[in-house]
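Observations on the model geometry
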Amino acid sequence: MSFFSNFHSDKCPGTISGNPLNGMCEKVCIQAQKIFDACIKQIQIENYTLTLTDNVPGDPTYPLTFISARTVNTAGVITNLNVERLADKPGCARVQATVGIPVEVAYTDANGVEGVAQATITVSHDVLLFVPAPSIMPYKITAEVSAVCAEGTFNQETGTFTVNACLTTILKVAIDVEILVPSYGYCAIPPAQDYSQEVCAGFFELPLYPQGKTCSKQ
């Protein structure tokens, strides 16, 4: 079972029915990341050069044939960050940053051996975001990223791939805080239900003998 698989308890997450104050027992201080603002940007880039590193297996035989490239880690790497507060828009700031999007590139080499390598797609962003007032605990700008490249060509002279990519970047303004929230107590954790494919279920549900009509004399 799981929270949402035939497990019924008032100590499980889910839709509240009735009075939401029923069962509320305390105010709890939890450590969390508060998001003050966020924005999403989705772009398509063409003819981007991917420089390969950390090939596995090492020293592939050129030329390489592109299979795919996509993110396996959604944490973007922010560099060249500049936050400029705007006097005419209280609370808002111009946020400029370079975001590195790590991707894993899959390919086959000239001998038909499959391999993977690491690469980074770098994009620049210039956006408006709400930035909280100065405090002892500093805010941070983070990036959640995703990328997929469906096609690419190999440049044997440079050992790189040229790709077309679809990119998604979510920029966030966040602070790690201790926040007070109402609580219903600890969750009741249901026992795990092992997955099993009942291959005989349909067969065992058949009647022992066919349900045919009997002959009747006219």
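What comes next concerns the included structure. (Residues numbered from 1 in each chain as written. Predicted model: local features only at pLDDT ≥ 70, side-chain atom pairs only at ≥ 80, totals over all residues. Heavy atoms only, no water.)

Now for the packing of aromatic side chains. Throughout the structure, instances matching the rule amount to three aromatic pairs. An angle of 70 degrees between the planes, with centres 5.4 Å apart, marks the rings of Phe 66 and Phe 161 as edge-to-face. Here Phe 66 is found in strand E3 (residues 65-70), whereas its partner Phe 161 is found in strand E8 (residues 160-183), with 95 residues between them in sequence. Residue Phe 66 is classed as buried on the basis of its relative accessible area of 13%. (Phe/Tyr/Trp six-rings, centres within 6.5 Å; stacked < 30°, edge-to-face > 60°. Helix = DSSP H or I, 4+ residues; strand = E, 2+ residues; numbered from the N terminus. Buried < 20%, exposed > 50% of the residue type's maximum accessible area, 1.4 Å probe, protein only.)

For E3 and strand E5 (residues 92-108), the ladder comprises five bridges, and the chain directions are antiparallel. Each bridged residue has a counterpart across the sheet, and for Ala 69 the counterpart in E5 is Val 105. Relative to strand E7 (residues 140-155), E3 runs antiparallel, the two being bridged by two bridges. Each residue of the ladder has a partner; that of Ala 69, found in E7, is Cys 149. (Pairing = 2+ DSSP bridges.)

Further remarks concern the nonpolar core. With 30 residues, the main nonpolar core has Leu 50, Ile 101, Val 103, Val 105, Ile 121, Phe 161 and Leu 167 as its most contacted residues. When contributions to this core are tallied by element, the ones reaching two or more residues are strand E1 (26-51), E3, E5, strand E6 (114-130), E7 and E8. (Core = buried A, V, L, I, M, F, W, Y, C linked by side-chain atoms within 4.5 Å.)

In total, this model carries zero disulfides according to the counting rule given. Cysteine Cys 29 is unpaired, with the sulfur of Cys 25 as its nearest cysteine sulfur at 15 Å. Classification of Cys 29 as exposed rests on a relative accessible area of 52%. Not engaged in a disulfide, the cysteine Cys 187 finds its nearest cysteine sulfur in Cys 12; these two sulfurs lie 6.6 Å apart. Overall, Cys 187 belongs to the partly exposed group, its relative accessible area being 48%. (Disulfide = S-S within 2.5 Å.)

A few words now on the pattern of salt bridges. Using the criterion set out here, one finds two salt bridges in the structure. Note that Arg 94 is salt-bridged to Asp 126, the shortest N-O span being 2.6 Å. In this pair, Arg 94 sits in strand E5 while Asp 126 sits in strand E6, placing the two residues 32 residues apart along the sequence. Residue Arg 94 is classed as partly exposed on the basis of its relative accessible area, which comes to 32%. Under the relative-accessibility criterion, Asp 126 is labelled partly exposed at 41%. (Salt bridge = Lys/Arg side-chain N within 4 Å of Asp/Glu carboxyl O.)

Purely geometric numbers; function is a separate question.
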